[in-house]
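# Architecture at a glance
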Amino acid sequence: MADRRLQVFHAVAKHLSFTRAADALFMTQPAVTFQIKQLEVQYGTRLFERRHGGISLTPAGELMLSYAGRILALSDELETRLGEMTGEMRGPLLVGASSSIAEFMLPRVLGEFNALYPQVRARLSVANSESIESRVAEHMLDIGLIGMPAKLSGLASRSCREEELVVICAPDYPLAGMASVTPKLLADYEFISREPGSGTRAVVEAYFSAHQVEPHLLKTQMELGSTEALKGVVATGLGFAIVPRTVVDKELRLGELVAIALQPPLKHSLYLIYPQDRFQSRLAMTFVEFAASRLKEFAA
């Protein structure tokens with residue numbers, strides 16, 4: 001229902017590429033360019049700086065982006081509410097998840113939910129826990145699934161799953177033959193970490209601190225922005241990492257990685273987060289209940 005030009009602008013601003021925005025919108029690049037030019041003529045200002053090798057937002061473009069996200073979200077909410085008035089479960093569902101959850105758990109949950117409600121259009125955004133929390137708080141996402149409880153005001157957190165974290169390393173890494181390892185022992189080995197803002201990183205740092213090992217004293221070799229990247233680097237023998245056991249099932253079966261128990265054990269919860277201070281559609285809350293139930297079964 002939102003102005004098509006606003007949707008096009010939002011896509012270009014997010015991708016910072018006319019070509020990638022055109023691909024995402026199933027449009028031609030000239031059509032995308034034309035829509036942006038229309039907006040610039042309408043408001044009498046440039047929204048993008050064209051420069052060799054790419055584009056960037058002007059100050060006017062930054063302002064428009066901040067409003068465009070909210071306008072498009074309200075348009076989606078209107079569509080959902082109108083659907084509810086007719087008794088249908090339909091419309092967009094904007095879900096955000098941290099990378100490990102998005103890669104290893106959420107696809108199955110979203111697929112099963114779509115099979116139950118085929119008129120729902122789920123859109124999944126992937127980022128670290130901190131980023132997802134911010135976007136839910138800004139009403140850019142309906143629901144987030146992250147590795148820590150929400151810290152921002154106005155958000156509700158619902159624990160939906162508990163999982164064990166383990167040390168992983170290559171089969172020929174010095175730790176590989178051990179049955180279990182302590183935080184103090186790990187301080188003597190090379191550590192491959194998740195990036196700042198990751199829920200897993202926050203849990204791991206708290207664990208080390210609680211056992212008298214300051215995180216900044218660890219022999220951190222690298223910080224990586226996804227679980228897949230983390231596993232790939234660890235498999236080369238560069239160091240160890242700490243990840244949820246469920247994300248390494250395949251690599252353990254293939255013998256590419258070894259898992260070692262932490263002593264004392266380390267567990268953490270996954271949380272569904274959503275705004276408390278705004279209208280919650282029946283669709284969003286139905287998904288919260290469905291996801292909480294399915295993720296608990298997934299853990300069993």
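Look up a bit, the structure's there.
Residues numbered from 1 in each chain as written. Predicted model: local features only at pLDDT ≥ 70, side-chain atom pairs only at ≥ 80, totals over all residues. Heavy atoms only, no water.

For helix 2 (residues 18-25), the full list of buried residues reads Phe-18, Ala-21, Ala-22 and Leu-25. The arc that holds every buried residue of helix 2, seen down its axis, measures 100°, which confines them to one face. On its buried side, helix 2 packs onto helix 1 (4-15), helix 3 (29-43), strand 1 (48-51) and strand 2 (54-57). (Buried < 20%, exposed > 50% of the residue type's maximum accessible area, 1.4 Å probe, protein only. Helix = DSSP H or I, 4+ residues; strand = E, 2+ residues; numbered from the N terminus. Arc of directions from axis to C-beta. Contact = heavy atoms within 4.5 Å.)

Successive residues of a regular strand alternate their side chains across the two faces of the sheet. Summarising the sheet, strand 8 (residues 190-194) and strand 9 (residues 219-224) pair through five bridges and their orientation is parallel. Counted as the bridge partner of Phe-191 is Thr-220 from strand 9. Handedness of the β-α-β unit built from strand 8, helix 9 (residues 199-210) and strand 9 comes out right-handed. (Pairing = 2+ DSSP bridges. Right-handed = clockwise from strand over helix to strand, strands pointing away.)

Interhelical geometry of helix 2 versus helix 3 gives an angle of 105° and a closest axis separation of 9 Å. It follows from the interaxial angle that helix 2 and helix 3 lie roughly perpendicular. Between helix 2, through Phe-18, Thr-19 and Ala-22, and helix 3, the contact on the second element is made entirely by Gln-29, Val-32, Thr-33 and Ile-36. Among the residues forming the contact of helix 2 with helix 3, the class breakdown is four nonpolar, three polar and no charged. (Axes fitted to C-alpha atoms, helices over the stretch in contact; angles between N-to-C directions. Parallel < 35°, antiparallel > 145°, perpendicular 65-115°, else oblique. Nonpolar A, V, L, I, M, F, W, Y, C, P; charged D, E, K, R; others polar.)

We now examine the pairing of strand 5 (residues 143-146). Taking every second residue as pointing to the same face, both faces of strand 5 are buried, with Ile-143 and Leu-145 on one and Gly-144 and Ile-146 on the other. Relative to strand 12 (residues 266-275), strand 5 runs antiparallel, the two being bridged by three bridges. For Ile-146, the partnering residue across the bridge sits in strand 12 and is Tyr-271.

For the rest of this paragraph, the subject is the nonpolar core. Residues Leu-93, Leu-106, Leu-145, Leu-272 and Phe-287 are the most contacted members of the largest nonpolar core, which totals 27 residues. Listed by contribution, the elements that provide at least two residues to this core are strand 3 (91-97), helix 5 (99-104), helix 6 (106-116), strand 5, strand 6 (155-169), strand 12 and helix 12 (282-299). For this core, the element with the highest residue contribution is helix 12, accounting for eight residues. Contact partners of Leu-145, with chain neighbours within four places excluded, come to Gly-96, Ala-97, Ser-98, Ile-101, Leu-106, Ile-132, Cys-160, Tyr-271, Leu-272 and Leu-295. Membership of the second largest hydrophobic core comes to 23 residues, among which are Leu-175, Ala-187, Phe-208 and Leu-266. (Core = buried A, V, L, I, M, F, W, Y, C linked by side-chain atoms within 4.5 Å.)

Tracing the sequence through the fold places Ala-68 in helix 4 (residues 59-85). C-alpha separation for the pair Ala-68 and Leu-93, spaced 25 residues apart in sequence, amounts to 18 Å. Those residues in contact with Ala-68 that sit more than four places away from it in its chain are Leu-6, Phe-9 and His-10.

Attention shifts here to the side chain of Ser-269. Along the chain, the position of Ser-269 falls in strand 12. By relative accessible area, Ser-269 is classed as buried at 17%. Excluding its chain neighbours within four sequence positions, the residues that come into contact with Ser-269 are Ile-146, Gly-147, Met-148, Ser-159, Arg-161 and Glu-162.

Quick look at empty space enclosed by the protein now. This model, assessed by the stated rule, comprises three cavities of 30 Å³ or more. Volume-wise, the second largest cavity comes out at about 80 Å³. Together, 15 residues line the second largest cavity, and Ser-98, Ser-100, Ser-129, Arg-194 and Thr-200 are the ones closest to its centre. Broken down by element, the lining of the second largest cavity gets its largest block of residues, three residues, from helix 5. Considered class by class, the residues forming the lining of the second largest cavity number three nonpolar, 10 polar and two charged. (1 Å grid on protein atoms, 1.4 Å probe; cavity = no way out; pocket = protein on both sides within 12 Å on 5 of 7 lines; lining within 4 Å. Points joined across faces, edges and corners; volume = space filled by probe spheres on them.)

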